[in-house]
Amino acid sequence: MNNVKTLNKWANAHTYLPVDLLRMALGVFLFMKGIYFFTNIQYLVDLISPIDHIGGGMFLVHYIAPAHLIGGILIFFGLLTRWAIAAQLPILISAVIINFMGQMHQQNLLLALLALAICLFFLIYGSGKNSADYFFKMQK
């Protein structure tokens, strides 16, 4: 808990508007991916088909789209950012792995790697000063 407080103090002292805009853009990107997966369920099923033989394929279909929708909204507003990103990490790591197990889609791989890198940054950095987390913390 002490480490999180230290990270938050450091992030709040080094908050810049472009970093907050990057967090908001990540939230919009994940939200739009969630909508795309909901509207194109067959595309999502085809994407996870290389690992479907492991089991839990239907669970993955019902986890990925809602996690992107809810996580995107939370990340956009900066509310429970680290928790929302922690829910995104298994999806993004799997997206990178699936590109190597199945048919290689260079654009999907690039987007997954970029989103994973940004999520790892915000997992450490936190939501920043221009966020709902900071606002609610200051209300105490």
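Structure shown above.
Counting restarts for each chain: residues are numbered from 1 in the order of the written sequence. Per-residue local features of the predicted model are confined to residues with pLDDT of at least 70, and side-chain atom pairs are confined, for both listing and counting, to 80 or more; whole-chain, interface and lining totals are unaffected and use all residues. Heavy atoms throughout the structure, all of them, feed into the side-chain values; hydrogens and water do not.

**Student:** Please give an account of the overall build of the protein that cites residues and values.
**Tutor:** Looking only at helices and strands, the protein has seven helices and zero strands in total. Per the convention used, a helix needs a DSSP run of H or I reaching at least four residues, while a strand needs a run of E reaching at least two, with both numbered from the N terminus. Counted from the first residue to the last, the protein has its helices and strands arranged as α-α-α-α-α-α-α. Between buried and exposed lies partly exposed: a residue is buried under 20% and exposed over 50% of the maximum accessible area for its type, with that area taken using a 1.4 Å probe on protein chains only. Among the 140 residues that make up the protein, the fraction classed as buried is 35%. Excluding contacts between residues fewer than 6 apart, the proportion of contacts in the protein whose partners are at least 24 apart in sequence is 74%. Shrake-Rupley sampling with a 1.4 Å probe provides the accessible areas, and residues are treated as covered by the protein chains on show and by no other component. When the accessible area of the protein is evaluated, it comes to approximately 8600 Å², of which 73% is carbon and sulfur surface. The contact rule is simple, with two residues in contact once any of their heavy atoms fall within 4.5 Å.

**Student:** Which residues make up a nonpolar patch on the surface, and what values go with them?
**Tutor:** The grouping of Val28, Met32 and Ile35 at the surface amounts to a nonpolar patch, some 240 Å² of accessible area in total. As for its placement among the helices and strands, isoleucine 35 is situated in helix H2 (residues 17-39). Owing to a relative accessible area of 32%, isoleucine 35 belongs among the partly exposed residues under this scheme. Like-charged residues are merged into a patch within 9 Å and nonpolar side chains (Val, Leu, Ile, Met, Phe, Trp, Tyr) within 5 Å, provided each residue has over 30% relative accessible area and no salt bridge. One speaks of a salt bridge when a side-chain nitrogen belonging to Lys or Arg is within 4 Å of a carboxyl oxygen belonging to Asp or Glu.

**Student:** So what's going on with the packing of H2 against helix H6 (residues 106-125)? Which residues, and what values?
**Tutor:** Structural elements are reduced to axes, namely lines fitted to C-alpha atoms, with helices fitted over the stretch in contact, and the angle between N-to-C directions of any two is expressed from 0 to 180 degrees. The contact between H2 and H6 brings their axes to 11 Å, and the two run at 130°. With respect to H6, the element H2 is oriented oblique. H6 is crossed by H2, and the crossing has left-handed handedness. Note on element contacts: H6 touches H2 through Leu111, Ala115, Ile118, Cys119, Phe121, Phe122 and Tyr125, opposite Val19, Leu22, Arg23, Leu26 and Phe29. Class assignment of the residues belonging to the contact of H2 with H6 gives a composition of eleven nonpolar, no polar and one charged. For this classification, under 35 degrees means roughly parallel, over 145 means roughly antiparallel, 65 to 115 means roughly perpendicular, and everything else is oblique. The hand of a helix crossing depends on one turn: near helix anticlockwise from the far one by less than a right angle means left-handed, and clockwise means right-handed. Three classes are used, and their members are as follows: Ala, Val, Leu, Ile, Met, Phe, Trp, Tyr, Cys and Pro are nonpolar, Asp, Glu, Lys and Arg are charged, and the others, Gly among them, are polar.

**Student:** I'd like a rundown of unusual backbone geometry, residues and numbers included.
**Tutor:** Residue leucine 80 is not a glycine yet carries a positive backbone phi of 50°. Within the secondary structure, leucine 80 is located in the loop between helix H4 (57-77) and helix H5 (81-101). What makes leucine 80 partly exposed here is its relative accessible area of 46%.

**Student:** Describe the side chain of histidine 68, naming the residues involved and giving the relevant values.
**Tutor:** Mapped onto the fold, histidine 68 is located in helix H4. Look past the residues within four positions of histidine 68 in its chain and what remains in contact with it is Leu30, Phe31, Lys33, Gly34, Phe37, Gln88 and Ile91.

**Student:** Let's hear about the nonpolar core: which residues, and what values?
**Tutor:** Among buried residues, the Ala, Val, Leu, Ile, Met, Phe, Trp, Tyr and Cys ones that are joined through side-chain atoms within 4.5 Å form a nonpolar core. Ranked by internal contacts, the top residues of the largest apolar core, which has 17 residues, are Leu26, Ile75, Ile85, Cys119 and Phe122. When residues of this core are traced back to their parent elements, those giving at least two are H2, H5 and H6. The biggest single contributor to this core is H6, with eight residues. Sequence-distant contacts of isoleucine 85, defined by excluding residues within four places in its chain, comprise Ile75, Cys119, Phe122 and Leu123.

**Student:** Report on the packing of H5 against H6, specifying residues and quantitative values.
**Tutor:** Following both chains from N to C, one finds H5 and H6 inclined at 150°, their axes separated by 9 Å at the closest point. Judged by the angle between their axes, H5 and H6 are roughly antiparallel. H6 is crossed by H5, and the crossing has left-handed handedness. Judged by residue contacts, Arg82, Ile85, Gln88, Leu89, Leu92, Ile93, Ala95, Val96, Asn99 and Phe100 of H5 engage Asn108, Leu109, Ala112, Leu113, Ala115, Leu116, Cys119, Leu120, Phe122, Leu123, Ile124 and Tyr125 from H6. Taken together, the residues that form the contact of H5 with H6 break down as 18 nonpolar, three polar and one charged.

Limitation: the analysis is restricted to geometry and does not speak to function.
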